[in-house]
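Residue strings, one per chain:
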Amino acid sequence: MSIEWVNQAIDDLRAWGRAREVEVDADEVRLLCDYASDYLNVNELADFTPETFDELLLSIYPRKVIAPPESAPETVEAARTLVDYLSESGAVPEPRAARMRERLDDIAPRMPEALADPANFGMAKSLFSSIGPESLEQSIAIPSGELPDLGEAPCDCPGCTPLPAARLAPPEDLLAALRTVPMLREQPLPGVDEPLTEWAQTVARIIEHDTGGAITGSSELDEGLYDLFDMLYRLQVRVPVSVIGDYLDEIGGAAGIDLAAVLDRLAWCGLLHVAGDHAELTPPAVWALREHYLSLGLDAPEAPDLAEADARGLIEGLLDGVPTELAEDDIDRWLTGRTPGEAAAELLAAASGAPAVARGIAITIVDRLGAEAEPQVRDYLDDQELRPHAIHWLAARRLPAPALTQEELLWVSVDMLALALPAAEEDPEVFAENMAASGPPAHMIEEMWRVDHPDVVDVLELLGRSIQDGTVAKAARKAAFKARSRAIR
């Protein structure tokens, strides 16, 4: 998926909605754009057609998204809003937009039935459902921390909290970016290495020295820039500008701040990139901050470019925790360097015998590949652990595939639930809600103890703690006891 065009489209759509006082369900539209990009070769807004919405709302959405039938009108309405925007922005001609609206009129009464029909469920929905909608609605679930409270400054000792590995732009890209920084435009950049060194020193002066309000217009805010940029460096993701505003309000005192003016000043300095309602450090700012940390003697690792790794390196890198947008870009570029068959063969070879979470990441990436990878996927029908996933992949593309046996269905159910273990431990309440909405039925849980899977005891114990239905929870605990007893014997 091309993250950039989707992000830009959503930002523009929000602005369009605000200007017209139109309510925009940006999250739902983003999901439609993501799936259109992943599965339907939609690489820009102009690629949307009436047929795109047929596939999205009647095939892909029912197969991928955990949503009750009564939610269909909201999704169709989001699609209608997208069509209005496509027409008014000139992305598609009005005659095509009119055909899209006609197609949505036809889809609207059919979508609830499609969402409710189990025959439309792919394994990724019917078995991954326990992981939670958030995991299914993203192309890949990447281990990551929650957004911290920017109102709470980091420890005074930087060494107390290890710095995450930072992804750095190539030097030529950094130099090109510096030439666009308004603060530096009046000063030509000599040489190749010197401009970057001078830039690092400039950033160090901004965050370390008493600038007296020359940066933000407030001496108090200038003094808090180190903590702000340190936190943004550690996050490595875009954050809502409202979160930055709350932090600045906290350190700015009762006088109040002009957030837009402060953000404009930080963008003028080349430190922040602000797009719509979100902001992030610019690549030159990330580079300069890392240089500053290194000058302090701190361990500031550089994150490898996962697109250059082999399949095992890609999976391990994603497991280490990569911001979602970076991960998506890495995966997209990794796939671009290979044919679908080559990518499937490498990923499945790396997944064979791997732990459930690593296997899940590999399978999720393989699920993006088209039917051209059929021979390589079919090769893994003889692999006990990957066979159920291969069957699902083939069936989802309407290719000849054997039926899952009851034993295989049980095994892959445990395997999918094993993927949820880390997230469930972090947020048991959300996991419990997901289980209540779409967890495995009691009769399946009662038989899971028979499955020869290394995580079966942990999975059943998790179900026993999480399922809200007392009878089903008790069945899970009994099954866990049987699984432990079998292991002992």
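Description of the structure in this document. Small disclaimer: the values here were computed from a predicted structure and weren't measured. (Residues numbered from 1 in each chain as written. Predicted model: local features only at pLDDT ≥ 70, side-chain atom pairs only at ≥ 80, totals over all residues. Heavy atoms only, no water.)

Our next topic: the overall build of the protein. When helices and strands are tallied, the protein shows 27 helices and 3 strands. Long-range pairs, those at least 24 residues apart, make up 69% of the contacts in the protein with a sequence separation of at least 6. (Helix = DSSP H or I, 4+ residues; strand = E, 2+ residues; numbered from the N terminus. Contact = heavy atoms within 4.5 Å.)

With that settled, consider a positive patch on the surface. A cluster of basic residues, Lys-474, Arg-477, Lys-478 and Lys-482, forms a positive patch on the protein surface. The class for Lys-478 is exposed, based on a relative accessible area of 52%. (Patch = residues over 30% accessible without salt bridge, like charges linked within 9 Å, V, L, I, M, F, W, Y side chains within 5 Å. Areas by Shrake-Rupley, 256 points an atom, 1.4 Å probe, with all protein chains shown as cover. Salt bridge = Lys/Arg side-chain N within 4 Å of Asp/Glu carboxyl O. Lys, Arg positive; Asp, Glu negative; His and termini not counted. Charge placed at Lys NZ, Arg CZ, Asp CG, Glu CD. Buried < 20%, exposed > 50% of the residue type's maximum accessible area, 1.4 Å probe, protein only.)

Before going further, it helps to spend a moment on the packing of aromatic side chains. All told, the structure shown has 3 aromatic pairs when counted by the stated rule. Arranged with centres 5.0 Å apart and planes meeting at 70°, the rings of Tyr-233 and Tyr-293 form a pair that is edge-to-face. Linking Tyr-233 in helix 12 (residues 225-235) with Tyr-293 in helix 15 (residues 283-295), this pair joins segments that are 60 residues apart in sequence. The class for Tyr-293 is buried, based on a relative accessible area of 1%. A cation sits over an aromatic face here: Arg-338 above Trp-334, 3.8 Å from the ring centre. (Phe/Tyr/Trp six-rings, centres within 6.5 Å; stacked < 30°, edge-to-face > 60°. Lys NZ or Arg CZ within 6 Å of the ring centre and 35° of its normal.)

Let us now look at the nonpolar core. Core analysis: the largest hydrophobic core is formed by 46 residues, its most contacted members being Trp-199, Phe-229, Tyr-233, Leu-271 and Leu-281. Counting only elements with at least two residues in this core, the list comes to helix 9 (171-178), helix 10 (194-208), helix 12, helix 13 (241-252), helix 14 (259-268), strand 3 (278-281) and helix 15. Among the elements that line this core, the one with the most residues is helix 12, at 8 residues. Aside from chain neighbours lying at most four places away, what touches Tyr-233 is Leu-163, Pro-164, Ala-166, Leu-281, Val-286, Leu-289, Arg-290, Tyr-293 and Ala-300. In terms of nonpolar packing, the next biggest core, distinct from the first, is built from 38 residues, Ala-26, Leu-58, Leu-82 and Ala-114 among them. (Core = buried A, V, L, I, M, F, W, Y, C linked by side-chain atoms within 4.5 Å.)

Turning our attention to a negative patch on the surface. Taken together, the side chains of Glu-23, Asp-25, Asp-27 and Glu-74 present a region of like negative charge at the surface. Looking at where Glu-74 falls in the secondary structure, it is placed in helix 4 (residues 72-88). Note on Glu-74: relative accessible area 55%, which makes it exposed.

In contact at an axis separation of 9 Å, helix 10 and helix 15 are set at 75° when each is read in the N-to-C sense. Taken together, the axis directions place helix 10 and helix 15 in an arrangement best described as roughly perpendicular. Here Leu-196, Thr-197, Trp-199, Ala-200, Val-203, Ala-204, Ile-207 and Glu-208 of helix 10 come into contact with helix 15, specifically with Pro-284, Ala-285, Trp-287, Ala-288, Leu-289, Glu-291 and His-292. Among the residues making up the contact of helix 10 with helix 15, the classes are represented as 11 nonpolar, 2 polar and 2 charged. (Axes fitted to C-alpha atoms, helices over the stretch in contact; angles between N-to-C directions. Parallel < 35°, antiparallel > 145°, perpendicular 65-115°, else oblique. Nonpolar A, V, L, I, M, F, W, Y, C, P; charged D, E, K, R; others polar.)

Time to look at the environment of Glu-4. Following the sequence through the fold, Glu-4 ends up in helix 1 (residues 3-20). C-alpha separation for the pair Glu-4 and Asn-43, spaced 39 residues apart in sequence, amounts to 10.0 Å.

Turning our attention to the packing of helix 2 (residues 26-39) against helix 4. Remark: helix 2 packs on helix 4, axes separated minimally by 9 Å, with the N-to-C direction vectors making an angle of 80°. The pairing of helix 2 with helix 4 is recorded here as roughly perpendicular in orientation. Together, Glu-28, Val-29, Leu-32 and Cys-33 of helix 2 and Thr-75, Ala-78, Ala-79 and Leu-82 of helix 4 make up the contact between the two elements. Partitioning the contact of helix 2 with helix 4 into residue classes produces 6 nonpolar, 1 polar and 1 charged.

Side chains three or four residues apart in an α-helix point the same way, a direct result of the helix having 3.6 residues per turn. The set of residues buried in helix 14 consists of Val-262, Leu-263 and Leu-266. One side of helix 14 carries all its buried residues, which in axial view fall inside an arc of 95°. Once helix 14 ends, the next one or two residues include Gly-270, with phi positive near 85°. (Arc of directions from axis to C-beta.)

Summarising the sheet, strand 2 (residues 272-275) and strand 3 pair through 4 bridges and their orientation is antiparallel. Residue Val-274 lies in a different strand from strand 3, and its bridge partner there is Ala-279. The hairpin turn running from strand 2 into strand 3, its antiparallel successor, is 2 residues long, and Gly-276 in that turn takes a positive phi close to 65°. (Pairing = 2+ DSSP bridges.)

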